[in-house]
Number of protein chains: 2
Amino acid sequence: MAVHEREQINLDGPNGIDALFSKRGLRITAPRRLIARVLFESGDHPDAEELYERVKEIDSSISIATVYRTMKLFEEASIVVKRDFGDGRARYEPQTGPQDHHHHMIDIETGEVLEFYHQGLEDLKKQIAKDLGFDLVDHHLELFGVRIKPKN
Amino acid sequence: MAVHEREQINLDGPNGIDALFSKRGLRITAPRRLIARVLFESGDHPDAEELYERVKEIDSSISIATVYRTMKLFEEASIVVKRDFGDGRARYEPQTGPQDHHHHMIDIETGEVLEFYHQGLEDLKKQIAKDLGFDLVDHHLELFGVRIKPKN
DNA sequence: TTACATGCAAAATATTTGCGTAGGA
DNA sequence: TCCTACGCAAATATTTTGCATGTAA
């Protein structure tokens, strides 16, 4: 088990954002390009408001309605993943690959979020679902904890 | 691993709701008693609105603000647990015991929710948190899936 | 050209809060 | 009696939507 490092996608070039949009049948527009770029270059999990602030610094004409609409669109196209860390707002992160199903360890003292991946956990969840009579389509796991203090 | 059966608490008598309130230092009021009773007798995961509707049928004078305030109070007193099934509303269920940490398998076609418990999963999550340098305080796991169709 | 995307503001949804009154300890 | 809880309505926070206009294909 290792802390998960988010795969960095090359946003330009032949496998860049425009190509991704085309592949998913999405119309290429300036707002969508910019919103995707800002989110893909973020290393964290911004909510709609935070994403909107970051985007607005580059193009102040973009509205928050477009951010929400674009997130919903990207989610349906499997370009972004919506997360819920229990604070009443949806947060977003790039979806870098279909098998890249990581989870989150949240420090309840600092709010810090670590991403991790654990194959045994993936296998176990699939097995549990199967035992219950289900094919697993999606799953959410968040761990909340406090850092173990090093002994002096 | 087994489907989890929710422990049914005796709401009256010496270990009933009033005793629970006293034990947690909560003032005993008619609205709190009723809201607790209705939630503890529900076998599902009502959101605030649903809980309010059920309570209103018994005492129509109760307001939804009290339902929200009471849920927050009960949550802090570890009497109820707040759940998030990803539909933008908080849902509530009784907390029947400190070690009674079950999870949810959600049928994305029907909305049906199965509760389950799996000791191996509990152990694995604790171990993962420890490996990441954390003491696990809480965790949320929801599985989303579709029923495996029986072969004809 | 034509359908779809966007900005803006209003609406919808979920939850919280101020205030005056009611009620439990 | 006194402090806290309650009901009500207004406020807040988050997300969605109608409509007129702009823009990609």
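The structure displayed is predicted, hence computed values, not measured ones.

Draft legend 1. Spotlight on the interface of chain A and chain B. Counting residues at the interface gives 34 residues for chain A, matched by 34 residues for chain B. Approximately 3100 Å² of surface area, both sides summed, lies buried where chain A meets chain B, with 76% of it carried by carbon and sulfur atoms. Linking chain A to chain B there are zero salt bridges. At the boundary of chain A and chain B, one finds 10 residue pairs in polar contact (both at pLDDT 80 or more). Within the residue set of the side of chain A that touches chain B, elements represented by two or more residues are β4 (103-107), β5 (113-117), α5 (119-131) and β6 (134-147) of chain A. Of the residues forming the side of chain A that touches chain B, the biggest block, 14 residues, is contributed by β6 of chain A. The residue inventory of the side of chain A that touches chain B, partitioned by class, reads 19 nonpolar, six polar and nine charged. Taken together, the 13 bridges between β6 of chain A and strand β6 (residues 134-147) of chain B define a ladder with antiparallel strand orientation. Across the sheet, the residue bridging to G145 of chain A is L136 of chain B, located in β6 of chain B.

Draft legend 2. Spotlight on the relation of the copies chain A and chain B. Once chain A is rotated about the relating axis by 180 degrees and shifted along it by 0.0 Å, it coincides with chain B to within an RMSD of 0.1 Å. On the angle and the small slide along the axis, the relation comes out as a two-fold axis. Residue L141 of chain A, judged by its C-alpha, is the member of chain A lying nearest the rotation axis, at 2.2 Å. By residue overlap, the copies meet face to face through one surface: 100% of the interface positions of chain A are interface positions in chain B.

Draft legend 3. Molecular detail of helix α4 (residues 64-76) of chain A. All names here are of chain A. Over its 13 residues, α4 runs 19 Å from end to end, which matches the ideal 18 Å to within 8%, given 1.5 Å per residue. Three or more residues of α4 are buried, namely V67, T70, M71 and F74. Angularly, the buried residues of α4 cover 105 degrees about the axis, an arc narrow enough to put them on a single face. Opposite the packed face of α4, turned more than 90 degrees from it, sit the exposed residues R69, K72 and E76. Among the structural elements, α1 (17-23), α2 (30-41), α3 (48-58), β2 (80-84) and β3 (90-94) are those in contact with the buried residues of α4. Just downstream of α4 lies S78, where phi reads positive at about 60 degrees.

Procedures and definitions
- Residues numbered from 1 in each chain as written.
- Chains lettered and ligands numbered in written order.
- Predicted model: local features only at pLDDT ≥ 70, side-chain atom pairs only at ≥ 80, totals over all residues.
- Heavy atoms only, no water.
- Contact = heavy atoms within 4.5 Å.
- Buried area = accessible area lost by both parts, 1.4 Å probe.
- Salt bridge = Lys/Arg side-chain N within 4 Å of Asp/Glu carboxyl O.
- Polar contact = N/O pair within 3.5 Å; in protein donor to acceptor, adjacent residues only side chain to side chain.
- Helix = DSSP H or I, 4+ residues; strand = E, 2+ residues; numbered from the N terminus.
- Nonpolar A, V, L, I, M, F, W, Y, C, P; charged D, E, K, R; others polar.
- Pairing = 2+ DSSP bridges.
- Least-squares fit on C-alpha atoms with pLDDT ≥ 70 in both.
- Expected span 1.5 Å × (residues − 1).
- Buried < 20%, exposed > 50% of the residue type's maximum accessible area, 1.4 Å probe, protein only.
- Arc of directions from axis to C-beta.

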